[in-house]
Amino acid sequence: MTPNDFRTHGKALIDWIADYYEQIEQFPVMSPVAPGEVRAGLPAAPPQQGEPFEQMMADVERLILPGITHWQSPNFFAYFPANTSFPAILGELLSAGLGVQGMLWQTSPAATELETHVLDWLVDMLGLPAAFLSSGPGGGVIQDTASSAVLAALLAARERTTNDGQYKTTDDRPQTTSRERPVVRGLSSVVGASPSLRAYTSTQANSSVVKAAMVAGVGRENVRAVAVDGQFALRPDELRRLIEADLAAGLRPFFVVATVGTTSSTAIDPVGAIGAICREYGLWLHVDAALAGAAAVCPEFHWLHDGLELADSYAFNPHKWLLTNFDCDCFWVRDRAALLRALSILPAYLVNAASESGAVIDYRDWHVQLGRRFRALKLWLVIRAYGVSGLQAHIREHVHLAQLFAGWVAADPRFELAAPVPLNTVCFRLRDGDAASADAANEALMARLNASGKLYLTHTVLDGRFTLRLAVGSRLTAEQHVAAAWGEIRGAI
Ligand code: PLP
């Protein structure tokens, strides 16, 4: 493909994407294809000769589009938002066009410095503690996902617990240089598992917490599931009880994950009370606000971050609810020293004068992988294109629509709300006799609705009961779509 071909096809592709968004409501929201159907349409072997781009796009329409679940549809209410926006798509294209691999400051200074700058902006925009700013011992980094963020937090927590005191903490210089990095020690601290370590999170936490423990070698059996209250929030008294029991058994508590906005029901753990316990016992507190953190761009939702000054690390996903297409997770630490000790290793071929100077950040030291994409670009374009007020309007509209829907559910005696609705997600159930018959009725209702192609809902289990969820999150969702969904739901009983 020559630059001229690229111009032609690129412009056509942009037109195609714009058309897609204009027609998106025509597609069945949940892909109706059967397992294996997409592959059955693909040739067994790759082409020997290059093919025309037009032919590829024809196959996208014929083979790929039917196998797409339309996450950006205004009638998509499943799982959680994974919203995108035109500025984000352009940012992604620009990033691909520049083809930057930003593992070191030196490998593209703008990739690192823009990331640091945008993450500092977000500290202010979301009302996060000033300790997360890059100007102090802490700082932020873009990870691919919240799963990687919790893994990084767990590795840092283990490093702090098991190796504390062996290295100096970060000094006053803005960044850690390669001279400060434990060249060999970093890797051994990642590999060496300690069977006595214990982590804690609520029964409602995302599965990524247990997965992080599995990946790190801590073991899934060493993650204690803390009981929740009637609103599905972690109970601090239960956390303390488990920590005390583990200490009495000679085990080593080290890591707690609090969730602000659980995946199931957007329950909000009491971060302040949990943080106080973590301080008392010297445990690392990571706060997972993957979905809900975005809401704090609105001052009226700053309360979501109450108590965060006691957290050691925090993550939220602009790729969920802040109009920035997947993947983009923002992760901050109060003190980067343990994180860098856990994840830094310096092979000779990466040594360079800028890193040695101590004046730059090398983000490869802040996560598991070495290579990294220029994700800050799309986030920067989104923030600039919408402005803070545009992002606030996006969040406010979704919260308003979810509250509206919750009101309709509450007013209909055939239904019940299954959990509080602090933000954009409504958990509800059809009442139908005893628990077993209600579960069956709700499951059948969901299957009928999703098969209609007119909307897409998913479920969770709360208090052992099958529960429907309606998560408002597509950029295109307006009141008419939520009202139509409610009409479909009532009509399908
Ligand atoms: N944490 C919470 C609260 C979530 O809701 C999710 C996604 O559903 C995750 C973590 C995992 O996010 P990611 O796909 O970015 O790893």
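Everything below is about the structure printed above this text.
Each chain has its residues counted from 1, running along the sequence as written. In keeping with the model being predicted, local features are shown solely for residues with a pLDDT of at least 70 and side-chain atom pairs are shown and tallied solely at 80 or more, while totals for entire chains, interfaces and linings include all residues. Side-chain measures here rest on the full set of heavy atoms in the structure, leaving out hydrogens and waters.

Trainee: Just to check I follow, could you spell out the overall build of the chain for this structure?
Mentor: Only DSSP runs of H or I covering at least 4 residues are called helices, and only runs of E covering at least 2 are called strands; the numbering of each starts at the N terminus. Within the chain, the secondary structure is distributed over 16 helices and 11 strands. Every radius of gyration here is taken over C-alpha atoms, with the globule rule written as 2.2 Å times N^0.38, N being the number of residues. For 493 residues, the compact-globule estimate of 2.2 N^0.38 gives 23 Å, and the chain sits close to it at 24 Å. Across its three principal axes, the chain shows a C-alpha extent of roughly 65 × 65 × 45 Å. Burial classes follow relative accessibility: with a 1.4 Å probe on protein chains only, a residue under 20% of its type's maximum area counts as buried, one over 50% as exposed, and anything between as partly exposed. Within the chain, buried positions represent 52% of all 493 residues. In what follows, a contact means two residues having at least one pair of non-hydrogen atoms within 4.5 Å. Put simply, 76% of the contacts in the chain that link residues at least 6 apart link residues at least 24 apart. For accessible areas, the Shrake-Rupley method is used with a probe of radius 1.4 Å. Any residue's cover is judged against the shown protein chains and nothing else. Surface exposure of the chain reaches about 20800 Å², of which carbon and sulfur atoms provide 58%. Across the chain, the mean location of the 40 positive side-chain charges is 4 Å away from that of the 50 negative side-chain charges. Positive charge is attributed to Lys and Arg, negative charge to Asp and Glu, and no charge count is given to His or to the chain ends. Think of each charge as sitting on NZ of Lys, CZ of Arg, CG of Asp or CD of Glu.

Trainee: Could you clarify how one ought to interpret the site of the ligand in this entry?
Mentor: A cutoff of 4 Å decides nearness: a residue is near a molecule or strand if any of its heavy atoms lies inside that distance of it. Close to the ligand lie 14 residues; A146, S147, T263, D288 and K320 are nearest. Polar contact is defined as a pair of N or O atoms within 3.5 Å, subject to the rule that within protein one atom must be able to donate a hydrogen and the other to accept it, and that residues adjacent in sequence are counted only when both atoms are side-chain atoms. Between A146 and the ligand, the recorded distance is 2.8 Å, taken from a backbone N or O atom to an oxygen atom. Contacts to the ligand include K320, whose side-chain N or O atom sits 3.2 Å from an oxygen atom. Isolated, the ligand exposes 390 Å² of accessible area, and the fraction of that covered by the protein chains is 89%. Elements with a minimum of two residues in the shell around the ligand: α6 (146–163) and α11 (318–321).

Trainee: When you look at the packing of aromatic side chains in this model, what are you seeing that I'm missing?
Mentor: The geometry of an aromatic ring pair is captured by two quantities: the separation of the ring centres and the angle between the planes. Each pair of aromatic rings taken from Phe, Tyr and Trp, with Trp reduced to its six-membered ring, is defined by centres within 6.5 Å and is described as stacked if the planes are under 30 degrees apart, edge-to-face if over 60, and tilted in the remaining cases. Under the criterion given, the structure shown has 21 aromatic pairs. Aromatic pair F405 and W486: ring centres 5.4 Å apart, planes at 80 degrees, arrangement edge-to-face. Taken together, the positions of F405 in helix α14 (residues 376–411) and W486 in helix α16 (residues 479–491) put the pair 81 residues apart, joining distant regions of the chain. There is no split in this pair, since F405 and W486 are both buried. Taken together, W16, Y20, Y21, F27 and F86 form an aromatic cluster joined through their ring pairs. A positively charged side chain is recorded as over a ring if its NZ (Lys) or CZ (Arg) lies within 6 Å of the ring centre. The angle to the ring normal must also be within 35 degrees. Above the plane of the ring of Y21 lies R475, whose end atom (NZ or CZ) is 5.5 Å from the centre.

Trainee: I would appreciate a short explanation of the pairing of strand β7 (residues 329–333) in the present structure.
Mentor: Residues in a regular strand project their side chains so that they alternate between the two faces of the sheet. The element β7 is largely enclosed, with a buried count of 5 among its 5 residues. Residues of β7 alternate between two faces, with D329, F331 and V333 on one and C330 and W332 on the opposite face, all of them buried. As defined by bridge partners, strand β1 (residues 139–143) adjoins β7 across 5 bridges and the pair is classed as antiparallel. Bridge pairing in β7 links G140 to W332. Two strands make a pair as long as DSSP finds a minimum of two bridges between them. In terms of strand pairing, strand β6 (residues 313–316) meets β7 through 4 bridges, oriented antiparallel. Within β7, the position partnered with Y314 by the bridge is W332.

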